[in-house]
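# Coordinate analysis (summary)
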Amino acid sequence: MNSEEDVYRSGFCAFVGRPNAGKSTLTNALVGSKIVITSDKPQTTRRAVRGVLSRPDGQLVLVDTPGLHRPRTLLGQRLNDVVRGTLADVDVIGFCLPADEKIGPGDRFIAAELSQLKAPVVAIVTKTDRASKPRIAEQLMAVGQLGEFAEVVPVSAVAGEQVDLLADLLIARLPTGPQLYPSEVRTDESDESRIAELIREAALADVRDELPHSIAVTVEEMNPRDTEGRPPLLDIFATLHLERTSQRPIILGAGGSRLKRIGTDARHGIEELLGQRVNLKLHVSVMGEWQRDPKKLDRLGF
Ligand SMILES: Nc1nc2c(ncn2[C@@H]2O[C@H](COP(=O)(O)OP(=O)(O)OP(=O)(O)O)[C@@H](O)[C@H]2O)c(=O)[nH]1
């Protein structure tokens, strides 16, 4: 018979929490490579990106979801449907609540949704490096009042505190089962969609207010260039889709300076991701109210 140490567990985990709760950063900290874009502007995560944490005792497949929120547009509604579909299907849920923010109606909305589900919920008090010890203690107690949780655990993804403990707790909740992905796999996202996300991240880092919700990116072409023996070079053509004509000058900046900066920032990230030189050409297109149009959402892959 196997002893407890020989047990191998595998399964799926989703992080939920209101926008900016630290879900993406935590996914990256657990998986140990940059796979999900992070930004200090709410609601930057649109796809259920998977990160895979492989250990000798188990494999945790992380499904990073957009924040559950009250939908205002068709895009918002589709995102919520994606989130609910994802949650019904996972083995364990991590509910992220920042240590440095009071629990609010958004958190209670999510807690009520989670109480309907079968999967055990681990409540994660995130960003503990931003809060004092008494404040963390207060938050842990408040979270304890919010619902029935399998565990309540404080972590800091940025400081790397308690991240391993969190991995232990999540893996302990998975069923016993075989390895689901080869150990070297960190994500099953295609290069193309990771590139599109890196471009979106670079654009978001540079613009403020309304614009984040109005940017989508598609990669049109990726062509290796004939470099005749010199280091390989990949030509990438991508389009930044905006919702309104008035947003075009914001993205372009004076004399196109902002778009150029976005392109340079994104190129650095893409070169790091692919490990090769890249020539990135960005094109700006106005789709007009794309967030409300089912056909356009389909075209953009939502
Ligand atoms: N100091 C500190 N900041 C953190 C930590 N985790 C996340 N942050 C910051 O909080 C902000 C939001 O983090 P994300 O990981 O993008 O949050 P999210 O929940 O994925 O956000 P959405 O995509 O909007 O749902 C970013 O500016 C992060 O750098 C942490 O442990 N410590």
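Predicted model, so just to flag it, every value in this text is computed and none were measured.

### A word on the overall build of the protein chain
What the protein chain contains, in helices and strands, is 9 helices and 9 strands. By the burial criterion, 47% of the 302 residues in the protein chain qualify as buried. In the protein chain, the share of contacts with a sequence separation of at least 24, taken over all contacts with a separation of at least 6, comes to 70%. Accessible area for the protein chain stands at about 14,900 Å²; split by element, carbon and sulfur atoms hold 49% of it.

### Some thoughts on the environment of Pro175
Position of Pro175 among the secondary structure elements: in the loop between α5 (163–172) and α6 (191–206). Taking C-alpha positions, Pro175 is 7.6 Å from Asp91, a pair spaced 84 residues apart along the chain. Setting aside residues up to four positions removed in sequence, Pro175 forms contacts with Tyr8, Arg9, Ser10 and Asp91.

### Observations regarding the pattern of salt bridges
Pairs can form between side chains of opposite charge once their charged atoms are near each other. Applying the stated rule across the entire model yields 12 salt bridges. Put simply, Arg18, Glu101 and Asp107 are held in one network by salt bridges that share partners.

### A few points about the nonpolar core
In terms of nonpolar packing, the biggest core is built from 25 residues, with Ile199, Ile215, Leu240 and Ile251 touching the most fellow members. Counting only elements with at least two residues in this core, the list comes to α6, β7 (216–225), β8 (233–242), α8 (257–274) and β9 (277–286). Sort the elements by how many residues they give to this core and α6 lands first, with 7 residues. In terms of nonpolar packing, the next biggest core, distinct from the first, is built from 23 residues, Ala21, Leu30, Leu53 and Val122 among them.

### Re the pairing of strand β5 (residues 121–126)
Taking burial as the measure, the 6 residues of β5 include 6 buried ones, the bulk of the element. Of the two faces of β5, the one carrying Val121, Ala123 and Val125 and the one carrying Val122, Ile124 and Thr126 are both buried. Relative to β5, strand β4 (residues 92–98) runs parallel, the two sharing 6 bridges. What sits directly across from Ile93, in β5, is Val121.

### Points about α6
Look at α6: 23 Å from first C-alpha to last across 16 residues, which is about the 22 Å you get at 1.5 Å a residue. Burial runs high along α6: 13 of the 16 residues are buried.

### Observations concerning the sheet that holds β9
The sheet built from 3 strands is open, its strands ordered β7-β8-β9 with mixed pairing. This sheet does not close on itself; its edge strands, each paired only once, are β7 and β9. Neighbour-to-neighbour, the strand axes of the sheet open up by a mean angle of 20°, direction not taken into account. As paired elements, β8 and β9 share 10 bridges and run parallel to each other. The residue of β9 that forms the bridge with Ile236 is Leu280. Sheet contacts for α6: β7, β8 and β9; angle to β7, the most-contacted strand, approximately 120°. Along the sheet face, α8 touches β8 and β9 and points at about 135° away from the line of β9.

### Quick notes on the state of the cysteines
The tally for this structure, following the rule as stated, stands at 0 disulfides. Looking at the unpaired Cys13, the closest cysteine sulfur is the one in Cys96, lying at 8.7 Å. Look at Cys13 and you get buried, because its relative accessible area is 0%. When its relative accessible area of 0% is taken as the criterion, Cys96 is described as buried.

How each quantity is defined
Residues numbered from 1 in each chain as written. Predicted model: local features only at pLDDT ≥ 70, side-chain atom pairs only at ≥ 80, totals over all residues. Heavy atoms only, no water. Helix = DSSP H or I, 4+ residues; strand = E, 2+ residues; numbered from the N terminus. Buried < 20%, exposed > 50% of the residue type's maximum accessible area, 1.4 Å probe, protein only. Contact = heavy atoms within 4.5 Å. Areas by Shrake-Rupley, 256 points an atom, 1.4 Å probe, with all protein chains shown as cover. Salt bridge = Lys/Arg side-chain N within 4 Å of Asp/Glu carboxyl O. Core = buried A, V, L, I, M, F, W, Y, C linked by side-chain atoms within 4.5 Å. Pairing = 2+ DSSP bridges. Expected span 1.5 Å × (residues − 1). Axes fitted to C-alpha atoms, helices over the stretch in contact; angles between N-to-C directions. Disulfide = S-S within 2.5 Å.

Nothing here speaks to function; it is all geometry.
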